[in-house]
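# Structural overview
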Amino acid sequence: MFTVENLSASYNGKKVFGDISFSLKQNSITALCGMNGSGKSTLLSLMSGIVHPSLRICGGIFLDGKNILLQKPKDTAKKISYLVQDENPAWNVTVEKVVDCGRFAHRKWYELTSPGDRKIIDGAMELLSISELRDRPVSTLSGGEYQRTRIARSFAQETDYIFLDEPLASVDITHQRNLLDILRDLCRKGKTVCISIHDINLASQFSDQMILMRNDRSGIFHGPSEEMMSNDFLRPTYGKDFQIFTHPVTGKKQIW
């Protein structure tokens, strides 16, 4: 059970968000949506147990009753994988080496990659269709290829909770659809997923729940995606009303 309780955050006295409480529905996809600067990345990083030194917070984030903000990072990394929004590689290593980093939480610093690790790494690269890139230095990759490499690293971490900050950025529409299908399949296999996403129409198509960050930073709206696709919730989130219609194929609500 993953819960956020009365969470507030501020940078240098400036409020990021306030009084946030929710629980993630198990074995489901939750879409985290809101305007630029509404605090999505800050919330997602806190949910992963990462607190920026200049951030001041109140409240707690609990996984199976334990406050992850008080745990050792490696203990949290065994349960939660987190993809940051932007990342520049420190070394020009191969794709395979990047994905292998996902196994670090499960072994001691001096241990080499085991046959079991290798199988997991190969499986993650196959899922993201980057097996043929395994020996390529990351400096030679396109933006989309590097993004898929980073996501494969998150999958190789083999955690029950997968938190991804804008995983669809730089990814073409074919691989976007493939990734969302993969996430749906992982949920059926027992994973719980939370992703931040700007395309709320796509979020409506694939997510079970939505978290909408209020534009006035006073909190969130949280509930089934079908219910959140209403101007009662979208207006305080995005500052305007939308035309809402039903997708002719999926039957899901969409906006314009």
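In this text the structure is predicted, and so the values were computed from the model without any measurement. (Residues numbered from 1 in each chain as written. Predicted model: local features only at pLDDT ≥ 70, side-chain atom pairs only at ≥ 80, totals over all residues. Heavy atoms only, no water.)

## Examining helix 5 (residues 143-156)
Put simply, the rule is: Think of it this way: any DSSP run of H or I at least four residues long counts as a helix, any run of E at least two long counts as a strand, and we number them from the N terminus. Multiplying one less than the number of residues by 1.5 Å gives the expected span of a helix. Any residue under 20% of the maximum accessible area for its type is buried, any over 50% is exposed, and the rest in between are partly exposed; the area is computed with a 1.4 Å probe on protein chains only.
With 14 residues, helix 5 should reach 20 Å at 1.5 Å per residue; the first-to-last C-alpha distance of 20 Å fits that figure. Most of helix 5 sits out of view: 13 of its 14 residues are buried. Phi turns positive one or two residues past the end of helix 5, at Glu158, with a value near 50°.

## Quick word on helix 9 (residues 231-238)
Note the following rule: Taken from the helix axis, the directions to the C-beta atoms give the arc we talk about.
Asn231, Leu234, Thr237 and Tyr238 are the residues of helix 9 that are buried. Down the axis of helix 9, the buried side of the element spans an arc of 135°, and every buried residue falls inside it. Gly239 occupies a position one or two residues after helix 9 and carries a positive phi of about 80°.

## Quick notes on the nonpolar core
Which entries qualify depends on this criterion: Working definition of a nonpolar core: buried Ala, Val, Leu, Ile, Met, Phe, Trp, Tyr and Cys residues. They are joined through side-chain atoms within 4.5 Å. Throughout, a contact is declared for two residues whenever any of their heavy atoms are within 4.5 Å.
By size, the foremost hydrophobic cluster in this structure holds 46 residues, and its most contacted members are Val99, Phe155, Leu183 and Ile200. Among the elements that make up this core, the one with the highest residue count is helix 6 (residues 173-188) (six residues). Once residues lying within four places of it in the same chain are set aside, the contact partners of Ile200 are Cys33, Met210, Leu212, Met229, Leu234, Tyr238 and Ile255. In terms of nonpolar packing, the next biggest core, distinct from the first, is built from 26 residues, Met47, Leu55, Tyr82 and Ile211 among them.

## Some remarks on the packing of aromatic side chains
Defined as follows: Any two rings among Phe, Tyr and Trp, with Trp reduced to its six-membered ring, count as a pair given centres within 6.5 Å; such a pair is stacked if its planes are under 30 degrees apart, edge-to-face if over 60, and tilted if neither.
This model, assessed by the stated rule, comprises six aromatic pairs. Seen in terms of ring centroids, Phe2 and Tyr161 are 5.7 Å apart; in terms of plane orientation they differ by 40°. Their pairing is tilted. Here Tyr161 lies in strand 7 (residues 161-165) and Phe2 lies in strand 1 (residues 2-11), a separation of 159 residues in the sequence. Its relative accessible area of 5% is what places Tyr161 among the buried residues. Residues Phe2 and Phe163 carry aromatic rings whose centres are separated by 5.4 Å and whose planes lie at 80° to one another, so their mutual orientation is edge-to-face. Remark: Phe163 occurs in strand 7 and Phe2 occurs in strand 1; sequence separation between them is 161 residues. Here the two residues Phe2 and Phe163 agree in accessibility, since each one is buried. Linked through ring pairs, Phe2, Tyr161 and Phe163 together constitute an aromatic cluster.

## Overview of the layout of surface pockets
The test is simple: For each structure, a 1 Å grid was placed over the protein atoms alone; sets of points admitting a 1.4 Å probe that cannot get out are labelled cavities, open sets with protein on both sides within 12 Å along at least five of seven lines are labelled pockets, and lining residues have an atom within 4 Å of a point. Grid points are joined across faces, edges and corners, and a volume is the space filled by probe spheres set on the points. Put simply, Ala, Val, Leu, Ile, Met, Phe, Trp, Tyr, Cys and Pro go in the nonpolar bin, Asp, Glu, Lys and Arg in the charged bin, and everything else, Gly too, in the polar bin.
Approximately 510 Å³ is the volume found for the largest pocket. Contributing to the lining of the largest pocket are 22 residues, with Ile50, Ala77, Ile80, Tyr82 and Gln157 lying nearest its centre. At the level of elements, helix 2 (73-77), strand 6 (80-83) and helix 5 are the ones that each hand at least two residues to the lining of the largest pocket. Here the element with the most residues in the lining of the largest pocket is helix 2; it accounts for four residues. Residues of the lining of the largest pocket, tallied by class, amount to 12 nonpolar, seven polar and three charged. Within this model, the second largest pocket holds a volume of roughly 300 Å³. Along its surface, the second largest pocket is lined by 16 residues, and Ala124, Leu127, Phe155, Glu158 and Leu186 are the ones closest to its centre. Going through the elements one at a time, helix 4 (115-127), helix 5 and helix 6 are the ones with two or more residues in the lining of the second largest pocket. Looking at which element gives the most residues to the lining of the second largest pocket, the answer is helix 4, with five residues.

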